[in-house]
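Residues per chain are reported as follows:
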Amino acid sequence: MYEVWSRSGLEVPLPKPGRSLDHPASLCVSWSLKYGLQSVFLPHSPIVQLNVGGRLYSTLLSTLRQCPGSKLADMFSGSPKLRTDAEGRHFIDRDGTHFGKVLEFLRSETLPSENVWEVYREALFYDLKPLVKQLEESAPLFGEMVARQQFLARVPNYKENLEVIIRIARAEAMASRHSDVIVCILRTEEDVTRYNNAINDLDANKESVVRFGPWKASPTVGDLLDCIKKDIEAKGYKISFKPHSAEKGFVFKSYDFFHKLIFTWW
């Protein structure tokens, strides 16, 4: 049997069972010309040509269906669901840079050694649960998702404070190369009891000081500062930090609590 389809919805007659054809591929081409078909499957061809955001791939249909129930398998199951490009390749309108790594996993369960987060996002998009699970158990993602994110979940208002920091920095960026934002990091409940005296003697606009903590976990103040820097830079900003110096006679050591985040704009 020879399978032919078209987005136009035309019903194309197929050869009767048992009928022999000398040139089936030519017949398919002639049908495509006659009926204006936009995509043709050659007889019993298990190979699928793909165009993923301009990157070209070839693979077996069985590879694409390797994870039943996934979005990717559904694209190539039942009636055609994808558009085709000018050459008849199935077109997926998505950046195809890391799609090859997805295919490698489907073929041989090989996990990527680099660009792990990018491949993870592709696995989520195509709903490839086995790949998602194995990537989440790999060292790069496990460290981020289980260790770092679990720590940050114990720091009150962490994500909200990052947005406040960025908002303050942008407000102070007018005609400046740098913006400074003061953060106060209170590691323990004891630090909280000392906070009021410390903030009253601070030589900065107290309303713009962003406060973090306390938290119940082993990471240190330095660890939290590293997290703040990493997450803000992930948004495209360039920052550094250093202990904030206060006026002379300051009762408590300013570097115990206060740190200056420096945004560099150009």
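Residues numbered from 1 in each chain as written. Predicted model: local features only at pLDDT ≥ 70, side-chain atom pairs only at ≥ 80, totals over all residues. Heavy atoms only, no water.

*Asks:* Before we go on, may I ask you to explain the pattern of salt bridges in this structure?
*Replies:* Opposite charge on two side chains lets them pair, provided their charged atoms get close. Counting across every chain of the model gives 12 salt bridges. Note that glutamate 144 is salt-bridged to lysine 230, the shortest N-O span being 3.3 Å. Here glutamate 144, found in helix H7 (residues 139–152), pairs with lysine 230, found in helix H10 (residues 221–233); they are 86 residues apart in sequence, far enough to count as distant. For lysine 230, a relative accessible area of 44% puts it in the partly exposed group. A salt bridge links lysine 235 to glutamate 163; the nearest nitrogen and oxygen atoms lie 3.4 Å apart. (Salt bridge = Lys/Arg side-chain N within 4 Å of Asp/Glu carboxyl O. Helix = DSSP H or I, 4+ residues; strand = E, 2+ residues; numbered from the N terminus. Buried < 20%, exposed > 50% of the residue type's maximum accessible area, 1.4 Å probe, protein only.)

*Asks:* Which parts of the structure should I look at to understand the packing of aromatic side chains?
*Replies:* In this description, a pair of aromatic rings is defined by centroid distance and the angle of the planes. All told, the structure shown has 10 aromatic pairs when counted by the stated rule. With centroids separated by 5.5 Å and ring planes inclined at 65°, the aromatic side chains of phenylalanine 99 and tyrosine 126 adopt a geometry described as edge-to-face. Here phenylalanine 99 is found in helix H4 (residues 99–108), whereas its partner tyrosine 126 is found in the loop between helix H5 (116–125) and helix H6 (129–136), with 27 residues between them in sequence. With relative accessibility at 0%, the residue phenylalanine 99 sits in the buried group. Relative to tyrosine 126, the ring of phenylalanine 125 lies with its centre 4.9 Å away and its plane at 85°, an arrangement referred to as edge-to-face. Since its relative accessible area comes to 27%, phenylalanine 125 is described here as partly exposed. Residue placement shows lysine 71 over the ring face of phenylalanine 125; its charged tip is 3.7 Å from the ring centre. Geometry around phenylalanine 125 places arginine 94 over its ring, the cationic atom sitting 3.8 Å from the centre. (Phe/Tyr/Trp six-rings, centres within 6.5 Å; stacked < 30°, edge-to-face > 60°. Lys NZ or Arg CZ within 6 Å of the ring centre and 35° of its normal.)

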